[in-house]
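Examination of the molecular architecture
Chain by chain, the residues run as shown.
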Amino acid sequence: SFDLVFTDLSMPEMDGWEIAREIRRRWPQTDIVLVTGYGKSTTPPPGEQALVNGVIGKPFDFDQVTEVVNDLTARQRKMGTPLPEINVSPEISM
């Protein structure tokens, strides 16, 4: 399973809301961030306010992504959820 999923709202076969519902069904603890060109004010369908953990409007920059990830990480720490160890290497291998 994944700790965090970023998904687009508009896609050809199914939209981001449908993907979020399926993720919630299979992995209810996974955080979901919706990325959309419709703007950050995009709201979930009625009755599904907890469907996604965040919305990022396009175009976005990495500061927005970092802010969302930091907010979700802080929330998990506050809830006492153990977080995976993240190793960042300054080298990129090809």
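Residues numbered from 1 in each chain as written. Predicted model: local features only at pLDDT ≥ 70, side-chain atom pairs only at ≥ 80, totals over all residues. Heavy atoms only, no water.

What to know about helix H1 (residues 16-26)
Among all positions in H1, only Gly16, Trp17, Ala20, Ile23 and Arg24 are buried. What you see down the axis of H1 is that its buried residues fit within an arc of 120 degrees, all on one side. On its buried face, H1 sits against strand S1 (4-8) and strand S2 (31-36). One side-chain oxygen of the residue at the start of H1 lies 3.0 Å from the amide nitrogen of Trp17, identifying that residue as Asp15. (Buried < 20%, exposed > 50% of the residue type's maximum accessible area, 1.4 Å probe, protein only. Helix = DSSP H or I, 4+ residues; strand = E, 2+ residues; numbered from the N terminus. Arc of directions from axis to C-beta. Contact = heavy atoms within 4.5 Å. Polar contact = N/O pair within 3.5 Å; in protein donor to acceptor, adjacent residues only side chain to side chain.)

What to know about the side chain of Arg24
Relative to the elements of secondary structure, Arg24 occurs in helix H1. Asp31 provides the closest opposite charge to the buried, salt-bridge-free Arg24, at an N-O distance of 5.3 Å. Of the polar contacts made by the side chain of Arg24, one reaches the side chain of Asn53; its length is 2.9 Å. Non-local contacts of Arg24, meaning those with residues more than four positions away in its chain, are made with Thr30, Ile32, Ala50, Leu51, Val52 and Asn53. (Lys, Arg positive; Asp, Glu negative; His and termini not counted. Salt bridge = Lys/Arg side-chain N within 4 Å of Asp/Glu carboxyl O.)

Quick notes on unusual backbone geometry
In the segment running from Lys58 into Pro59, the intervening peptide bond is cis, with an omega of -10 degrees. Here Pro59 is to be found in the loop between strand S3 (54-57) and helix H2 (62-78).

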